[in-house]
Amino acid sequence: FCTLGAVVGMEFYARYAHRILWHENEMGWSLHESHHLPRTGPFEANDIYAVANAVPALSLCIYGFLHPGLVAAMCWGTGLGITRYGWMYMFVHDGLVHKRFPVGPLGELPSLKRIAVAHTIHHSEKFGGVPYGLFLAEDELKQMEGGVQELDLLVERATAKEKAEREALDG
């Protein structure tokens, strides 16, 4: 239960941190801004946030592994959940959306493509930066007039572009 709770909780924390701490906070923006600019190398200043989130996850896992009892087990499960969310986020955000590494056939799943396209709306700032979350981005877009329609349109365009590219390769 702690693992699942941490995975879900991290999406809400990520939404909060992304908006309040990284976009609306001058110090946070000074690091996060690198993510909204063209990358010039394999890393960007924004990557420090992944390291910062790994510290509590690793600490909870280590504590839980080295100590007996229910509290330690809950710590381990929570740390594992934070870690799993980080892997999921990295796969979709860094791999699928920003193409920092190949994602393989999982990247073809329609639900993951929809999540990836929703994140491109964040980078367009069409709705004032919404969505700030990743996996529940569509829920944020539902609150914006025309948000889901924009997502549907962009998914349709991306699908058509991919189909045309496949047909061109097939000859």
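For the structure given in this document, a descriptive report is provided here. Note that the structure is a prediction, hence the values are computed from the model and not measured.

1. A short note on a nonpolar patch on the surface
Where nonpolar side chains cluster on the molecular surface, the patch consists of Leu-58, Ile-62, Phe-65, Leu-66 and Trp-76 and spans about 570 Å² of accessible area. Here the nonpolar patch takes four residues from helix 3 (residues 48-66), the largest share from any one element. Here Leu-58 lies in helix 3. When its relative accessible area of 53% is taken as the criterion, Leu-58 is described as exposed.

2. Quick notes on the packing of aromatic side chains
The final tally for this structure, using the stated rule, is three aromatic pairs. Each ring, one from Trp-22 and one from Tyr-49, has its centre 4.2 Å from the other, and the planes form 20°; the classification is stacked. On the criterion of sequence distance, the pair formed by Trp-22 in helix 1 (residues 2-23) and Tyr-49 in helix 3 is long-range, its members being 27 residues apart. Per residue, the accessibility class of Trp-22 equals that of Tyr-49, and both read buried. Within the aromatic cluster, the residues linked to one another by ring pairs are Tyr-85, Tyr-89 and Phe-135.

3. Observations regarding the nonpolar core
Counting 16 residues, the largest nonpolar core has Ile-82, Tyr-85, Val-92, Leu-96, Leu-112, Ile-115 and Leu-134 as its most contacted members. Among the elements that line this core, the one with the most residues is helix 4 (residues 70-97), at six residues. Each residue touching Leu-134, except ones within four places of it in the same chain, is listed here: Glu-11, Tyr-89, Val-92, His-93, Ile-115 and His-119. Core analysis: the next-biggest nonpolar cluster, separate from the first, contains 10 residues, Ile-121, Val-130, Leu-141 and Val-155 among them.

4. Notes on the state of the cysteines
By definition, a disulfide links two cysteine residues through a covalent bond between their sulfur atoms. Counted under the stated rule, the structure contains zero disulfides. With no disulfide of its own, Cys-61 has Cys-75 as its nearest cysteine by sulfur position, at a separation of 9.6 Å. Overall, Cys-61 belongs to the buried group, its relative accessible area being 17%. Cys-75 sits in the buried class, given a relative accessible area of 17%.

5. Comments concerning the side chain of Glu-44
Within the secondary structure layout, Glu-44 lies in the loop between helix 2 (26-32) and helix 3. Using a relative accessible area of 11% as the deciding quantity, one classes Glu-44 as buried. A polar contact of 2.8 Å, which involves the side chain of Glu-44, links it to the side chain of His-35. At a separation of 3.1 Å, a polar atom in the side chain of Glu-44 contacts the side chain of Arg-39. Setting aside anything within four residues of it in sequence, one finds Glu-44 in contact with Ser-34, His-35, Arg-39 and Arg-100.

What counts and what doesn't
- Residues numbered from 1 in each chain as written.
- Predicted model: local features only at pLDDT ≥ 70, side-chain atom pairs only at ≥ 80, totals over all residues.
- Heavy atoms only, no water.
- Patch = residues over 30% accessible without salt bridge, like charges linked within 9 Å, V, L, I, M, F, W, Y side chains within 5 Å.
- Areas by Shrake-Rupley, 256 points an atom, 1.4 Å probe, with all protein chains shown as cover.
- Salt bridge = Lys/Arg side-chain N within 4 Å of Asp/Glu carboxyl O.
- Helix = DSSP H or I, 4+ residues; strand = E, 2+ residues; numbered from the N terminus.
- Buried < 20%, exposed > 50% of the residue type's maximum accessible area, 1.4 Å probe, protein only.
- Phe/Tyr/Trp six-rings, centres within 6.5 Å; stacked < 30°, edge-to-face > 60°.
- Core = buried A, V, L, I, M, F, W, Y, C linked by side-chain atoms within 4.5 Å.
- Contact = heavy atoms within 4.5 Å.
- Disulfide = S-S within 2.5 Å.
- Polar contact = N/O pair within 3.5 Å; in protein donor to acceptor, adjacent residues only side chain to side chain.

Treat this as a map of the structure, not an account of what it does.
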